[in-house]
Amino acid sequence: MKLIVAGATGFVGSEVVRQALRNPAVTSVAVIARKAFPVPANEDSSKLRSFVLNDWTSAYPEPLQEHIKGADACIWSLAVTPSQSRSMDFAEVTTICHDYTINGIQNMIKVVNKPFRFIYVSGILTERDQNKVLPYMGEYRHLRGRTENCLLDIAKEHSPNVQVTVTKPGAIDAPGVKETSDAMLKSLFSMFGYYPRVHVSELAAAMIDQCQNGITKDPLWSDELAELGKRVLKEEDYL
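Residues numbered from 1 in each chain as written. Predicted model: local features only at pLDDT ≥ 70, side-chain atom pairs only at ≥ 80, totals over all residues. Heavy atoms only, no water.

Per an unreviewed UniProt entry, the chain carries the name NAD(P)-binding domain-containing protein and comes from Talaromyces islandicus.

Rendered as structure tokens:
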């Protein structure tokens, strides 16, 4: 399986790459990033290739088309987090979270294999219902929900050749990562009646498994991702 990873320099994306390099079913890892991608330490990077893309809203250049050609799946983790979004111009947040993503899948489906599986990393707070009134961070949460809706519409239009699912993790655990002290995010999580958590290695492994063996459902929530990840991970493969 040839796997595209977008957003590989981030927290989730870098773990996806690390897990993919360890997975014998993944024969090639094609990274698309906004800056140079560092080779993971102590990992065999022989099947890793990376491409630095400067213009994410235009047609992909021919070298990038060759880079992703023949891919079987993509895990897209490139986005602006809720905390980051509060200090950014919302037009820029929209461009990164929505425009990059939709332009990406539209470019990919021209050159990839069929069926093509696209896994979008979103979050538990996103809202697909654009008419729902949201008391906190409504603009951001609706934006991420619109992106999910557009991806699913594209999959429906190109079915069965394009398949999409959205992962909706809550808090993501990893060694050295402290529990969030953001009071607003904690209050938002509390609306779900529990504080959903998933280890970053379980999240990455679960998404790779969906790419390899087929999408089981949409969306995939924290507890489901944790269960999938634990099923396929060995203890030594955890970050």
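(A) Region of interest: the state of the cysteines. Overall, the coordinates contain zero disulfides when judged by the stated rule. Among the cysteines around Cys150, which has no disulfide bond, Cys97 carries the closest sulfur, lying 13 Å off. Cys74 supplies the cysteine sulfur nearest to Cys211, a cysteine that is in no disulfide, at a spacing of 7.8 Å. Looking at Cys211, the relative accessible area reads 2%, which means it is buried. (Disulfide = S-S within 2.5 Å. Buried < 20%, exposed > 50% of the residue type's maximum accessible area, 1.4 Å probe, protein only.)

(B) Layout of helix α4 (residues 90–108). Spanning 19 residues, α4 covers 26 Å between terminal C-alpha atoms, matching the ideal 27 Å at 1.5 Å per step. Maximal helix bending in α4 amounts to about 30 degrees, located at Asp99. (Helix = DSSP H or I, 4+ residues; strand = E, 2+ residues; numbered from the N terminus. Expected span 1.5 Å × (residues − 1). Bend = angle between axes of the 7 residues up to and from the residue.)

(C) View of unusual backbone geometry. With an omega of 0 degrees, the peptide bond running from Ser159 to Pro160 counts as cis. Tracing the backbone through its elements, the reader meets Pro160 in the loop between α5 (138–157) and β6 (162–168). The amide bond that connects Asp218 to the next residue, Pro219, takes the cis arrangement and shows omega of -10 degrees. Relative to the assigned elements, Pro219 resides in the loop between α7 (200–213) and β9 (220–221). In this structure, Asn42 is a non-glycine residue whose phi angle is positive, near 65 degrees. Structurally, Asn42 can be placed in the loop between β2 (28–33) and β3 (48–52). Using a relative accessible area of 79% as the deciding quantity, one classes Asn42 as exposed. At Met137, a residue that is not glycine, the phi angle is positive and equals roughly 50 degrees. Within the secondary structure, Met137 is located in the loop between β5 (116–121) and α5.

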